[in-house]
Amino acid sequence: MDPIVGEIFELVKKKAAEQAAYDRASYDEIVDETVGYFKEKGKLTDDDNEEFIKDQLSEMFEMLQEEAADK
């Protein structure tokens, strides 16, 4: 996993927990918001493949659900 993807996923997990948002639509929305946040802060640039990053995060949805179920 790309380090930036891991960093984004950690923030996505935190936001999902705060909002108790564990359905697919909410997850996708949080991913979009978080990727936008990383772009605003300069951690992602136009040179980064945003769609690839979002695809990787999309595949991690089940990990989020599993972690939430363990709590």
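In this report, the structure presented in the accompanying data block is examined. (Residues numbered from 1 in each chain as written. Predicted model: local features only at pLDDT ≥ 70, side-chain atom pairs only at ≥ 80, totals over all residues. Heavy atoms only, no water.)

Broken down by element type, the chain carries four helices and zero strands. Mapped in sequence order, the helices and strands of the chain form the string α-α-α-α. In terms of overall dimensions, the chain is globule-like: its C-alpha atoms have a radius of gyration of 12 Å, near the 11 Å expected for 71 residues. For the chain, the C-alpha atoms occupy an extent of roughly 35 × 20 × 20 Å along the three principal directions. Evaluated residue by residue, the chain yields a buried proportion of 34% over its 71 residues. (Helix = DSSP H or I, 4+ residues; strand = E, 2+ residues; numbered from the N terminus. Rg over C-alpha atoms; globule rule 2.2 N^0.38 Å. Buried < 20%, exposed > 50% of the residue type's maximum accessible area, 1.4 Å probe, protein only.)

Tracing the backbone shows threonine 45 in the loop between helix H2 (24-40) and helix H3 (50-59). A relative accessible area of 39% means that threonine 45 is categorised as partly exposed. Along the primary structure threonine 45 and lysine 14 are separated by 31 residues, whereas in three dimensions their C-alpha atoms are 23 Å apart.

Interhelical geometry of helix H1 (residues 3-19) versus H2 gives an angle of 130° and a closest axis separation of 9 Å. Between H1 and H2, the crossing angle belongs to the class labelled oblique. As for how H1 packs across H2, the hand of that crossing is right-handed. Here Ile4, Glu7, Ile8, Phe9, Leu11, Val12, Lys15, Ala16 and Gln19 of H1 lie close against H2, whose contacting residues are Tyr27, Ile30, Val31, Glu33, Thr34, Val35, Tyr37 and Phe38. A per-class count over the contact of H1 with H2 returns 12 nonpolar, two polar and three charged. (Axes fitted to C-alpha atoms, helices over the stretch in contact; angles between N-to-C directions. Parallel < 35°, antiparallel > 145°, perpendicular 65-115°, else oblique. Left-handed = near helix turned anticlockwise from the far one by under 90°. Contact = heavy atoms within 4.5 Å. Nonpolar A, V, L, I, M, F, W, Y, C, P; charged D, E, K, R; others polar.)

Right, let's talk about the environment of serine 26 for a bit. Its place among the elements puts serine 26 in helix H2. For serine 26 and alanine 16, which are 10 residues apart along the polypeptide, the C-alpha to C-alpha distance reads 8.0 Å.

Position of lysine 54 relative to the elements: it lies in helix H3. One polar contact links lysine 54 to aspartate 32, side chain to side chain, over a distance of 3.1 Å. Sequence-distant contacts of lysine 54, defined by excluding residues within four places in its chain, comprise Val31, Asp32 and Val35. (Polar contact = N/O pair within 3.5 Å; in protein donor to acceptor, adjacent residues only side chain to side chain.)

Before going further, it helps to spend a moment on the packing of aromatic side chains. For any two aromatic rings, the description comes down to two numbers: the centre-to-centre distance and the angle of the planes. By the definition in use, this model includes two aromatic pairs. On the numbers, 5.1 Å between centres and 55° between planes, the contact of tyrosine 27 with phenylalanine 61 is tilted. Of this pair, tyrosine 27 sits in helix H2 while phenylalanine 61 sits in helix H4 (residues 61-70); the two residues are 34 residues apart in sequence, bridging distant segments of the chain. Residue classification places tyrosine 27 among the buried residues on the basis of a relative accessible area of 0%. Note on phenylalanine 61: relative accessible area 9%, which makes it buried. With a centroid separation of 6.0 Å and an interplanar angle of 75°, the aromatic rings of tyrosine 37 and phenylalanine 38 are classed as edge-to-face. The cationic tip of lysine 15 hangs over the ring face of tyrosine 37; the distance from NZ or CZ to the ring centre is 5.9 Å. (Phe/Tyr/Trp six-rings, centres within 6.5 Å; stacked < 30°, edge-to-face > 60°. Lys NZ or Arg CZ within 6 Å of the ring centre and 35° of its normal.)

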